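So you can see what is in the structure, the chains are spelled out below.
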Amino acid sequence: MACAANAFSSDTPERFAELVRRFCRIKNLNKDTENIDTNVLLDQFNSFRVNTDSVKDQDVCLFLKHCCLLIKPDLGQLGIKCCIVITYLLVKSEIEPPDDVLNGLLQLLENLLVNYDVWARPDILRALGAVLYCRGGRLSVQQLDNLVTAETGLLHKLIFNSSTDPATRKGALQCLESLSKRCVPYIDDYYASHCLSTFLAVLKTRFPKSDELMQCKLLTVALKGIQHVLSSTTTSHGSLLGELLAALKAYNFFGRDDPSVQIPTCLQPTHLGDDIPASLVNPSPPSRPHKKTLKKKSKSRRSKGDTRDSDEEETRALESVPWPSLSGSESDYSDTESGVVANKLQGYQARVRQHSLCALYSIVKGTMRRLVFGYWTSFLPTGSEDRAGTLAAVLQNEWSIKVKVAALAAIAAFLERSKSALLVATERESASVQPFTPFSVLVGNMIRELHVTLLALLPSESSPQTITQTLKCLATVVGNSPYQKLRPGLLSKTVKLVRPYLSNRNANIRVGALTCMGAVVTIHAPLLEVSYILLPPHRQEESADVDVLKDDSSSPGSLPSTPVPMTPTLPTPPLSFTPPHMTFTPSKHTDTSAKDDIIWLIKSCGRSILPNSSGSTSPLPIRLEALQVLSSMALGYLTMLRSSLSHLTNILVQALADRDPGVQLHAVKTSENLACAISRHFSNDAVSADDKIFSVKEALIFWDCLLAGPLVEVLQSEKHTQLRAIGCDCLSNIGARVFEALEVSKQIICLTMLLGLTADPEPLVKESAARALGVYVLFPCQRTDVSFVADAANAVITCMEETNLSVKVKSSWAMANVADALVLNMARDDFSSFAESFSDVLLVKLFSSATNACCGEEKIRYNGVRALGSLLRYTQPRTLQKRNMTDVIENSVKLLVQSLSQGVMKVRWNACYALGGLLQNDCITVPSATWLEQVLIGLCLAMKNSKNFKVRINAAQALQTVAQRSKYGPAELFSSIWKYVIEAMEMSSKTEDFANYKYISSLSHQLSRTVLHLASLMEHTDLVCLAAVLFSKEDTVKQFLNATSEPLERSSCLSHLEKLKNLPLDKSSLTVLLSLLSTLTPPDVDEEKEGEQNRTTFRPSYD
């Protein structure tokens, strides 16, 4: 056989093809005849080093097809050898044979399982597992019935048959696990649920004839199968959720010496409040072992096996279900073998715990958050004495690194995307025992205990994997915890323990530490405690409020004995306020270039990002994570960056010039966030100039450094599209005040770069440049520049012709801003010169582009509607004399009227706003316009019938923009408008959408103003037509106005009606006028007080 094996010098595709051809020449195999050549050939297949380069797919498929024809149930050892070769080829070659080949193999192996003796089943099952792994979710219903279901499934029978030997049972379970591993496309939920139920039943069953090692192997396979089912299928496991979690909670402590763990048959979700356990009525100091004690215990666990016997109380709790015994103390081995076997058993038990935690992770990730939330208290600690059976107990007592990492991943999975759920957390200011614990306090205690657990684990670990996962888990806890509702001190302790890891030699640990610090500076508010943490050490000593932030307790996270106020937050607006103890006043520390005043976190990130003295740099993940930390700090804690702005700018400038595109990309994004924060700081009108943290001069230092070269080079980088796009976004955040203060040369650089990038061939760059132009065109210094406005308009019109939807959306927004800039210029004294210089041809192009946008996608349409309204508002009399301009106006108005009742709500309220601008243009809105009645009636219908109250409000405001009575049309149309307004009053409080309730007050106020506006423009010829409208609704209008309008708002209207009263009116007109005066006259003060006494104290309120 050796000679035959050496016949070929190497394992090449040609040699494998020759072996396949020799095998295919065999036409028949008989158990009675000697098949020496066949045995030698199969041995050569087994000795062949199979990989993706040494075999061809067609040769493997040819061999498998011939196996299906050649192998028979009566071949004995030869048939099993063929099964071994099948397994070897499928596993090593990593090919996926066609369905017909796999179906043939599946049918063959099922026949062999039924007809072969027990000794051959493990090898057959291994081949079946390889076939099922390749076949995955492409099995037919009949095949699934034959294998999976509890009634007829072959695998199910082999697993749960009491006479099955352990090796066969393990092989059958591995086949089921292989099937669940590759369920793509997804198998039916019915069969996935069968697989899940089978794995769960294995977890609950203690099989006969299985020693402890075999039992551990079975449990490991079942737990891995649960992971595959939950991650590879869309099965709904809601009905089994409680049972699965109960089983996994038991196996989280498999083989551990922890008799306090008691697991019910099925875990139930927690109710919103629990009585305090009896153990807390007489509380005793928590006895947490010292670090050295923990290490000693950990070493002792490594030296001997973890064994315990099930006590009677635990047995009674689990007797209703055949739970597996968690004991590992019984042994069938001799004393000389006990040490080796115990260590081996300990390793297998740890593997069970690891896969149990991994399955728990899969369940948490694959289940809706609101369902998982009810099981938090079963796995997360809610107090120092409630740790038994939780993941905190796993971390406290576990010796295996992999198990700890899995437990930390499970904790992070519980808390991911749970910020809204944790917002209910509170903490009692008093430590006294209460008879009832509210659910909010329970969640607050849970957050604190998680901090205690992780902060105690971090310094006691020496494994890089555990430290890294602890830091990532801690980052998840920090990122989701509502510290503004908790007692201060937790963040200070967290940063104190995490900070040393920022300079660790291990790259993964440094990334985890930076991730944790990024979570700290991303905390919403910003928090005063975080601001204190970021201060340099000498500034912390000068702080007057240190006592508020320090916690005198000795252990990390322990509750202080005296009541402490909750963690304060910086008052809003956050970007324009400096805490009292951090006010930057002239002193020895106010020099912004002093190194001692630079925030320590910025220094640390700078060391991670920039090359060191020898020219070497940190690994790329560290540099990117450090830039993300700086980005988060710039957005949330700009008030702290004044003393560090020059150092931060230097870091960003050098990062922008880095050779690595990833570093450049993150540096540009950080620069964009910093620019955005500074821009918002200057645009905040609520803060006076004297209270601004930054001056324009300081902001100019940042922008001068960027525009001196690095940002321009980024914008000119032809290789990296995303860099250019984010560079445009960075330029768009410069802000009007800073841009005006820039040198003219740098202003020209910004404008030239953006105008040029609108012609970039990449859509991503083009849309960012168009958006930036839309921002710049609204700057006061730029919107008066006719040349720039014209260039921006032409560039935007060109971008609107693109086919890419995203480009058209951003360009339509920029086009609407260009139109708004034209309208804003109308308020200037020198508007006439601007209007004469702005091209009418370009205006017509803008009309055409906006009209096309109104007929496009919804995301483009509402910007087109907004642009049309501004263009109609801007149109000048000389423009109307141009050829075909009347048709352009009529077509635009028609589109706006159609938009009142078509499209999404944003299109409709923009249409109302646009028509309001149209009605303000006296040169277009003339009484003789044929479309005027359509506009007024369309606005009235939107004000009365729209389901969205914001549309109604905008429609009412648009009707108020008419300044002349003649624009309301004849008396009949004017009375119809009155009728619509009164009907809208009656329907103002009727809505089926709860979101409209917060707009009821605003809508009522706008309707009252509309009525008063109509009355202030009324003429004596309108009174007769108003008689039918007002007489029947007089009380309705009076009550509505008394409830929604102030007397001062009616003064001008009443004075106008008094003037009409002095005119010579007929009797019917005078009656209508007197009735209207009575309706609009506010009630006397005495009558109002008397009415208030008769009212109840109940007031409807809406959040």
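Quick notes on the rules
Residues numbered from 1 in each chain as written. Predicted model: local features only at pLDDT ≥ 70, side-chain atom pairs only at ≥ 80, totals over all residues. Heavy atoms only, no water. Helix = DSSP H or I, 4+ residues; strand = E, 2+ residues; numbered from the N terminus. Contact = heavy atoms within 4.5 Å. Areas by Shrake-Rupley, 256 points an atom, 1.4 Å probe, with all protein chains shown as cover. Axes fitted to C-alpha atoms, helices over the stretch in contact; angles between N-to-C directions. Parallel < 35°, antiparallel > 145°, perpendicular 65-115°, else oblique. Left-handed = near helix turned anticlockwise from the far one by under 90°. Nonpolar A, V, L, I, M, F, W, Y, C, P; charged D, E, K, R; others polar. Buried < 20%, exposed > 50% of the residue type's maximum accessible area, 1.4 Å probe, protein only. Expected span 1.5 Å × (residues − 1). Polar contact = N/O pair within 3.5 Å; in protein donor to acceptor, adjacent residues only side chain to side chain. Phe/Tyr/Trp six-rings, centres within 6.5 Å; stacked < 30°, edge-to-face > 60°. Lys NZ or Arg CZ within 6 Å of the ring centre and 35° of its normal. Salt bridge = Lys/Arg side-chain N within 4 Å of Asp/Glu carboxyl O.

S.K.: Quick question: what am I supposed to make of the overall build of the chain here?
M.R.: Along the backbone of the chain there are 56 helices and 2 strands. The contacts of the chain with a sequence gap of at least 6 include a subset with a gap of at least 24, amounting to 76%. A total accessible area of about 49400 Å² is found for the chain, and carbon and sulfur atoms account for 51% of it.

S.K.: How do you make sense of the packing of helix α37 (residues 744-757) against helix α38 (residues 763-776) when you look at a structure like this?
M.R.: The description of two helices packed together rests on the angle between their axes and the distance between the axes. At their nearest, the axes of α37 and α38 sit 8 Å apart, and the two run at 135° to each other. One way to sum up the angle between α37 and α38 is to call them oblique. Of the two possible hands of crossing, α37 and α38 adopt the one that is left-handed. Facing Cys750, Leu751, Leu754, Leu755 and Leu757 of α37, the residues of α38 in contact are Val765, Lys766, Ala769, Ala772, Leu773 and Tyr776. For the contact of α37 with α38, a count of residues per class yields 10 nonpolar, no polar and 1 charged.

S.K.: Just to check I follow, could you spell out unusual backbone geometry for this structure?
M.R.: Peptide bonds are mostly trans, and most non-glycine residues show a negative phi. In the Ramachandran plot, arginine 417 falls in the positive-phi region, its phi being about 55° despite a non-glycine side chain. According to the relative accessible area criterion, arginine 417 is exposed, its value standing at 58%.

S.K.: Please clarify how helix α43 (residues 840-854) should be interpreted in this entry.
M.R.: Residues lying three or four places apart along an α-helix face the same way, a consequence of the helix completing one turn every 3.6 residues. With 15 residues, α43 extends 21 Å between its outermost C-alpha atoms, agreeing within 8% with the 21 Å of an ideal straight helix rising 1.5 Å per residue. Buried residues along α43 sit against α40 (786-800), α41 (805-825), α44 (858-874), α45 (877-880) and α46 (885-899). Between a side-chain oxygen at the N-terminus of α43 and the backbone nitrogen of valine 841 the separation is 3.2 Å; the capping residue is serine 839.

S.K.: Explanation requested: the environment of valine 511 in the structure shown.
M.R.: Within the secondary structure, valine 511 sits in helix α25 (residues 507-521). It is 8.0 Å that separates the C-alpha atoms of valine 511 and threonine 468, two residues lying 43 residues apart in sequence. Beyond its immediate chain neighbours, meaning those up to four positions away, valine 511 contacts Pro621, Ile622 and Glu625.

S.K.: How should the environment of valine 844 be read in this particular structure?
M.R.: Note that valine 844 resides in helix α43. On the accessibility criterion, valine 844 (32% relative accessible area) is partly exposed.

S.K.: Explain the packing of helix α10 (residues 166-181) against helix α11 (residues 189-204) to me, please; I cannot follow it from the model alone.
M.R.: Direction vectors running N to C along α10 and α11 enclose 140°, while the axes themselves pass 11 Å from each other. One way to sum up the angle between α10 and α11 is to call them oblique. α10 and α11 meet at a crossing whose hand is left-handed. Touching Leu173, Leu176, Glu177, Leu179 and Ser180 of α10 are Cys195, Thr198, Phe199 and Val202, all from α11. A breakdown of the residues in the contact of α10 with α11 according to their chemical character gives 6 nonpolar, 2 polar and 1 charged.

S.K.: Looking at this structure, how should I read the packing of aromatic side chains?
M.R.: Overall, the coordinates contain 17 aromatic pairs when judged by the stated rule. Centroid distance tyrosine 251 to phenylalanine 254: 5.7 Å. Interplanar angle 40°. Geometry classified as tilted. Classification of tyrosine 251 as buried rests on a relative accessible area of 0%. Given a relative accessible area of 5%, phenylalanine 254 falls into the buried group. Look at phenylalanine 994 and tyrosine 997: their rings are 5.4 Å apart centre to centre, the planes differ by 50°, and that puts the pair in the tilted class. Relative accessible area serves as the criterion here: at 23%, tyrosine 997 is assigned to the partly exposed category. Aromatic rings pair up to connect Phe16, Phe23, Phe45 and Phe63 into one cluster. One Lys or Arg, arginine 499, reaches over the ring of tryptophan 600 and ends 4.0 Å from the middle of that ring.

S.K.: Where do I start with the pattern of salt bridges in this structure?
M.R.: This structure, assessed with the given rule, holds 26 salt bridges. As a salt-bridge pair, lysine 365 and glutamate 416 come within 2.7 Å of each other at their nearest N and O atoms. Remark: glutamate 416 occurs in the loop between α20 (401-415) and α21 (419-422) and lysine 365 occurs in helix α16 (residues 335-366); sequence separation between them is 51 residues. Note on lysine 365: relative accessible area 36%, which makes it partly exposed. Residue class for glutamate 416 comes out partly exposed when judged on its relative accessible area of 25%. Taking the shortest distance from any N to any O, the salt bridge between lysine 1033 and glutamate 986 comes out at 2.9 Å.

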